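# Inside the fold
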Amino acid sequence: MVETAEHIFLAEIKADNQLTAAEVLEKAKAAVQYCKRATDHNLQNCGKEWKYLLIPHSEVLPNMSLGYLAGKRTFVV
């Protein structure tokens, strides 16, 4: 989990060759549902929105910011 001034991210890094595996996609769907419920609770209590990020390991580089990855890799079902 990573918290910024605007959001709380549930971030998961996976090997490139695992991104389309059924198990990974099912876990991602569950994570999105968790983030939706956490967001609903937080917004009712002056909190932040949660977002799930599924990030390929090859994109985790010294020159990549969380903001860039979040804009590119937010997972939506």
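Our structure is the block above this text.
None of these values were measured; they are calculated from a predicted model.

### Here we look at the pattern of salt bridges
Following the criterion strictly, the structure yields 4 salt bridges and no others. Linking K48 and E3 is a salt bridge whose minimum nitrogen-to-oxygen distance equals 2.7 Å. Of this pair, K48 sits in the loop between α1 (22-44) and β3 (49-56) while E3 sits in strand β1 (residues 2-3), and the two are 45 residues apart along the sequence. Accessibility expressed as a relative area gives 24% for K48, which makes it partly exposed. One salt bridge connects E12 with K14, and the closest N-O pair in it is separated by 3.5 Å. One connected set of salt bridges, linked through shared partners, spans E12, K14 and K27.

### So, the environment of H57
Examined against the element boundaries, H57 turns out to sit in the loop between β3 and α2 (66-73). In this structure, the C-alpha to C-alpha distance between H57 and L19, residues 38 residues apart in sequence, is 9.8 Å.

### Re the side chain of E59
One can find E59 in the loop between β3 and α2. Given the relative accessible area of 13%, E59 is considered buried. Setting aside residues no more than four positions away along its own chain, E59 makes contact with M64, L69, K72 and R73.

Definitions and limits used
Residues numbered from 1 in each chain as written. Predicted model: local features only at pLDDT ≥ 70, side-chain atom pairs only at ≥ 80, totals over all residues. Heavy atoms only, no water. Salt bridge = Lys/Arg side-chain N within 4 Å of Asp/Glu carboxyl O. Helix = DSSP H or I, 4+ residues; strand = E, 2+ residues; numbered from the N terminus. Buried < 20%, exposed > 50% of the residue type's maximum accessible area, 1.4 Å probe, protein only. Contact = heavy atoms within 4.5 Å.

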